[in-house]
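Descriptive structure summary
Chain residues, written in single-letter form:
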Amino acid sequence: MASDIDGVRLRVDVKQGGSGPGPSPRLGALMALPALVPFALFFLWPLLKAARISFYEYDGFGPLDDWVGLDNYVRALTDSELWIALLRNVFVAAVNVVGGVGVGLLLAYGLFRKVAGWRFLQVALFIPFILPVAVIALIWRFIYEPNQGLLNSFLSSTGITDNTILWLGNEWLALPAVSIVWTWQHIPFAMIVLLAAMLRIPSELIDAAQIDGATDGQTLRHIVLPAIRPTAWLVTAIIILRVSKAFDVIFIMTGGGPANATTTGTLYLYKQAFPFSNYGYASALGFVIAIVLGGILPLTIRKMSKSNVEL
Amino acid sequence: MENQLKPPPRVVDRIGEIPRRSNRRGRRQRMKPAWALFLWIYALVSLYPLVWVLMQSLRPDLDFLTDPWSIPAFQDLTFEPYPSAWSIARMADYFANSAIVSAATVALVLILSIGSGYALSRLKFKGYQAVYVATMLMMAVPAAVIFLPLFIVANDLGILDSYLGLILPYTTFSLPLGVYLMKANFDSLPSELFEAARVDGCSEWQVFWKVILPLAPGGIATVGLLTFMGVWDEYIWALVSVRSQALFTLPLGLVTLDQNKFQYGYNVSFAGMVITAMPVILALLVSQRGFLKAVTAGAIKG
């Protein structure tokens, strides 16, 4: 044990010129190694297995013996279902970003300027973002229920319309309906992050504007907005990523229906794997989708690094 | 080495922090009431479903079916649906399962993240770059891509339909975030602290235990909270890997309960929803500031 300085210095000379006296690479490796075990077992191995399976036609039973080479990939690239599903992703992302950042921004501004009861609002409005996905999906499924659901009951009791609208059952309404649910979750998220950004604006700027007689709207447009632009981009990128990766909410609410109207990219993948057992194709799909999404990542990262601007 | 300037913190890193407001209200004008109206109306519309569910979960069933829209009179409220949900609809079992799986996962993730985070942060070792890249890679891959091969692997390992089959994958997928956050946490501690400890004659291990770890509770709480929320919440993998109803986690059990709501009653189903949401809401109420900060930081890095 090198508990004296001389011993440590010696060790540094002998080793591969580490990072100064002290840090022990061996302890480092020891401490980091355990984390690699689950990583290898439950991420790397499945990934490699998936890569292998993607070259076969496989339904889960029996040996892997139906080699089809790149067929699955070709099929994936020419599968119109897949690309339509990814288009749905785009739609959902658009709704989420516009709604989430748009409304979130307004809410954040209100909280920033301390409207009455902002302390309560700040916490209360955040709740939708943290609720368990299953709870959210079930609640909204109930809201959208044609006969006893909150929405239709509200519409008919206030006389807006008497029709029993099939929110989740109608091919055209289902995707927007589901998108709104997700947006309902993202609005608080955007709100809090944008609020934090607003709080970092030097208060002199705001005060000066107020003294000069700027209205709320003017302060928002000319002072606050430019200042939080990097953060706004960041929030946009994060929402897009979240929407692309997940499908829990949609799955519980509609299972992808009706008639695939709400089947987004990753949900399509799931359906190929589990109800249909097209394991080979599903694996190939997985990689294709990952690459497509991976194409989005560099774009978002570039946007994010533009936000290196310090306020 | 100690003299090298750290680059200014990027927006990305600081975003989770919510600065404390100054108490100075002073020269700021109040906003026009239209803004307050907007916020409150939004709050009303957006939160009404939740309040409504809470109310409905406290009503005897007959009342609900006859008139779903009415606001129940106070004396009509009853806790009756909750015991029903708890025992008859087996929410207690599901709750216990979720609790066990969450606790185990959080414990594992904390141990592994703290170790790896510290190692990556302060104990540079050969190939640590690779480890770092590997964890980041995990965050880039959408979960759905992994579910299928994970299912096969879990089957091969014989852990499907078991606690382990939930705990181990959950741990694996919570690790990248945990490692990243702990590493950032350790990075932010001043180097002088480490040097002082070493010079004072501590062995590396002692440096870790006695000096650094006591300074980490904030990061630990964040990682713990985020991991817990992710696991408590998780539906798809649980759906795929668990077959026996006795083993269902809360989200699974809740959906099952909902599918059977005609048998048990709507109000029981709502009570189930409240039970499922309770822990997270409680966590929020206990420490609003910390919670907000943790969740936003987690969402951003994730």
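Here the structure is a predicted model, which is why all the values come from computation and not from measurement.

Conventions and cut-offs
- Residues numbered from 1 in each chain as written.
- Chains lettered and ligands numbered in written order.
- Predicted model: local features only at pLDDT ≥ 70, side-chain atom pairs only at ≥ 80, totals over all residues.
- Heavy atoms only, no water.
- Helix = DSSP H or I, 4+ residues; strand = E, 2+ residues; numbered from the N terminus.
- Buried < 20%, exposed > 50% of the residue type's maximum accessible area, 1.4 Å probe, protein only.
- Areas by Shrake-Rupley, 256 points an atom, 1.4 Å probe, with all protein chains shown as cover.
- Contact = heavy atoms within 4.5 Å.
- 1 Å grid on protein atoms, 1.4 Å probe; cavity = no way out; pocket = protein on both sides within 12 Å on 5 of 7 lines; lining within 4 Å.
- Points joined across faces, edges and corners; volume = space filled by probe spheres on them.
- Nonpolar A, V, L, I, M, F, W, Y, C, P; charged D, E, K, R; others polar.
- Salt bridge = Lys/Arg side-chain N within 4 Å of Asp/Glu carboxyl O.
- Core = buried A, V, L, I, M, F, W, Y, C linked by side-chain atoms within 4.5 Å.
- Polar contact = N/O pair within 3.5 Å; in protein donor to acceptor, adjacent residues only side chain to side chain.
- pLDDT = per-residue confidence, 0-100.
- Expected span 1.5 Å × (residues − 1).

What follows concerns the overall build of chain A. A count of helical and extended segments in chain A gives 14 helices and zero strands. Per-residue burial for chain A yields a buried fraction of 54% across its 311 residues. Carbon and sulfur atoms make up 66% of the accessible area of chain A, which amounts to about 13,500 Å² in all.

With that settled, consider the overall build of chain B. Counting its regular elements, chain B contains 16 helices and zero strands. Per-residue burial over chain B gives 54% buried out of 302 residues. A separation of at least 24 residues holds for 73% of the contacts in chain B among residues at least 6 apart in sequence. As displayed, chain B offers around 13,700 Å² of accessible surface, 65% of which is attributable to carbon and sulfur atoms.

This paragraph deals with empty space enclosed by the protein. Here the structure, examined in full by the defined rule, presents two cavities of 30 Å³ or more. A volume near 80 Å³ is recorded for the largest cavity. Mapped by element, the contributors of at least two residues to the lining of the largest cavity are α2 (25–53) of chain A together with α5 (91–122), α6 (128–140) and α8 (163–187) of chain B. Estimates place the volume of the second largest cavity at around 40 Å³. Classifying every residue of the lining of the second largest cavity gives eight nonpolar, no polar and no charged.

The next thing to look at is the pattern of salt bridges. Counted by the stated rule, this structure contains four salt bridges over all chains. For A:Lys49, the salt bridge identified is with B:Asp156, shortest N-O distance 2.9 Å. With A:Lys49 in helix α2 and B:Asp156 in helix α7 (residues 143–157), the pair connects residues from two separate chains. Judged by its relative accessible area of 24%, A:Lys49 is partly exposed. On the accessibility criterion, B:Asp156 (48% relative accessible area) is partly exposed.

Let's shift gears to the nonpolar core. Core analysis: the largest hydrophobic core is formed by 186 residues, its most contacted members being A:Phe126, A:Ile130, A:Val224, B:Trp237 and B:Phe291. For this core, the element with the highest residue contribution is helix α9 (residues 171–199) of chain A, accounting for 17 residues. Ranked by size, the runner-up nonpolar core spans six residues in total, among them A:Ala35, B:Leu120, B:Leu175 and B:Val179.

Before going further, it helps to examine the side chain of B:Ser113. Residues and elements named next belong to chain B. With respect to the element layout, Ser-113 can be found in helix α5. Take Ser-113: its relative accessible area is 0%, and that puts it in the buried class. A distance of 2.6 Å separates the side chain of Ser-113 from the backbone oxygen of Val-109, its partner in a polar contact. Discounting residues that sit within four places of it in the chain, Ser-113 has contacts with Tyr-118, Leu-175, Gly-178, Val-179, Met-182 and Val-223.

It is worth spelling out unusual backbone geometry at this point. Phi angles above zero are rare outside glycine, and A:Lys114 is one such case at about 60°. Positionally, A:Lys114 belongs in the loop between α4 (80–112) and α5 (118–124). For A:Lys114, a relative accessible area of 14% gives the class buried. Despite not being glycine, B:Asp161 shows a phi value in the positive range, around 60°. If you trace the backbone, B:Asp161 turns up in the loop between α7 and α8. According to the relative accessible area criterion, B:Asp161 is partly exposed, its value standing at 27%.

Time to look at the confidence of the model for chain A. On average, residues of chain A score 79 in pLDDT, and 86% of them are at 70 or above. Here residues 1–22 of chain A scores under 50 on pLDDT; set against residues more than four positions off or in separate chains, the count is 21 contacts.

A word on the side chain of B:Thr172. Within the secondary structure, B:Thr172 sits in helix α8. Residue B:Thr172 is classed as buried on the basis of its relative accessible area, which comes to 0%. Not counting residues up to four positions away in its chain, the partners in contact with B:Thr172 are A:Pro38, A:Phe39, A:Phe42, A:Phe43 and B:Met138.

Residues and elements named next belong to chain B. Of the residues in chain B, 80% have a pLDDT of 70 or more, and the chain-wide mean is 77. Looking over chain B, one finds the lowest element-wise mean pLDDT in helix α1 (residues 11–14), namely 49, and the highest in helix α12 (residues 236–241), namely 88. Within the model, the stretch residues 23–27 combines pLDDT values under 50 with seven contacts to residues more than four positions away or in other chains. Both scores are given for the predicted complex: the pTM is 0.81, the ipTM 0.80.

The first and last C-alpha atoms of helix α11 (residues 217–233) of chain B sit 24 Å apart over 17 residues, in line with the 24 Å expected at 1.5 Å per residue. Every buried residue belonging to α11(B) is among B:Gly219, B:Thr222, B:Val223, B:Gly224, B:Leu225, B:Leu226, B:Thr227, B:Met229, B:Val231, B:Trp232 and B:Asp233, and all of these are buried.

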